[in-house]
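Structural overview for review
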Amino acid sequence: MAPDAGGALRLIRPLPLTPEAFAPYGEVIAHQGSERRHHLTEPMRHGPEVTRHASWVSRVQAAAPGPVEIRLMERHRYAAQSFVPLTASPYLVVVAPTGADDLPDMARLEAFLASGSQGVCYRLGTWHHGLTVLQGPAEFLVLMGQTGRGDDDEFWQAPAPHALVSISD
């Protein structure tokens, strides 16, 4: 939802990250059930354009200071992208479905609060906000297939902030 006529932004309170709530956007990386192993389906998904798998560790120095302004979104058309926390820092997961114009549908933006023991795997083509930690510094293992052509990341910036995600009670 864009700012209203009075310029007010939509305030979103994040929901707890659960496999059921996050299912339209990807997969929660955490053990589930009582079996010894919980197999994941999304992290290795990719299209035929992917020629290599990449992994790296991302470090975020500082925690988000107050409400998080949502303006810049990104997606990866050719491969799923996974984030696995290496520190026990909670973080925000902000996602939006793709609209009819092939851009993020900001009116349907959703936010989730991930514990420091849950990772996420964004499905191919899922619009998401950048990594936003609530306690810093924090480190994440990132896994993603790449084309090798330099076109793996697509960014979209709204002309004005669309929402604020509250990170306090």
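For the structure, check the block above.
The text that follows walks through the structure, step by step, so that each part is easy to find. (Residues numbered from 1 in each chain as written. Predicted model: local features only at pLDDT ≥ 70, side-chain atom pairs only at ≥ 80, totals over all residues. Heavy atoms only, no water.)

**Considerations on the pattern of salt bridges**
Throughout the structure, instances matching the rule amount to 7 salt bridges. Between Arg-59 and Glu-139 there is a salt bridge, with the nearest N and O atoms lying 2.9 Å from each other. Note that Arg-59 is positioned in strand E4 (residues 52-60) and Glu-139 in strand E13 (residues 138-146), a separation of 80 residues in sequence. The shortest N-O distance in the salt bridge between Asp-151 and Arg-149 comes to 2.8 Å. Take Asp-151: its relative accessible area is 29%, and that puts it in the partly exposed class. By sharing partners, the salt bridges in this structure join Arg-75, Arg-77, Asp-102 and Glu-154 into a single network. (Salt bridge = Lys/Arg side-chain N within 4 Å of Asp/Glu carboxyl O. Helix = DSSP H or I, 4+ residues; strand = E, 2+ residues; numbered from the N terminus. Buried < 20%, exposed > 50% of the residue type's maximum accessible area, 1.4 Å probe, protein only.)

**What about the pairing of strand E7 (residues 81-85)?**
For E7, a buried count of 4 out of 5 residues is recorded, marking the element as mostly surrounded by other parts of the structure. Relative to E13, E7 runs antiparallel, the two being bridged by 5 bridges. The partner of Ser-82 across the bridge, within E13, is Leu-143. (Pairing = 2+ DSSP bridges.)

**Quick word on the environment of Leu-134**
With respect to the helices, strands and loops of the structure, Leu-134 is situated in the loop between strand E12 (132-133) and E13. You can call Leu-134 partly exposed: its relative accessible area is 21%. Setting aside chain neighbours within four positions, we find Leu-134 in contact with Ala-63, Pro-90, Tyr-91, Leu-92, Leu-113 and Ile-167. (Contact = heavy atoms within 4.5 Å.)

**Focus on the environment of Leu-92**
Structurally, Leu-92 is set in strand E8 (residues 91-96). With 41 residues separating them along the chain, Leu-92 and Val-133 place their C-alpha atoms 6.3 Å apart.

**Thoughts on the sheet that holds strand E3 (residues 26-29)**
Strand order in this open sheet of 5 strands is E3-E10-E7-E13-E4, and the pairing throughout is antiparallel. Looking at strand neighbours, the two that pair on one side only are E3 and E4, the edges of this open sheet. Across the sheet, the mean angle separating the axes of adjacent strands is 15° when strand polarity is ignored. (Axes fitted to C-alpha atoms, helices over the stretch in contact; angles between N-to-C directions.)

**Focus: the sheet that holds strand E15 (residues 163-165)**
Spatially, the 3 strands line up as an open sheet ordered E1-E15-E5, and their pairing is mixed. Each of the sheet's edge strands pairs with one partner strand only, and the pair in question is strand E1 (10-12) and strand E5 (68-70). Direction aside, the axes of adjacent strands within the sheet are offset by 30° on average. With 3 bridges joining them, E5 and E15 adopt antiparallel strand pairing. Bridge assignment links Val-68 to a residue of E15, and that residue is Val-165.

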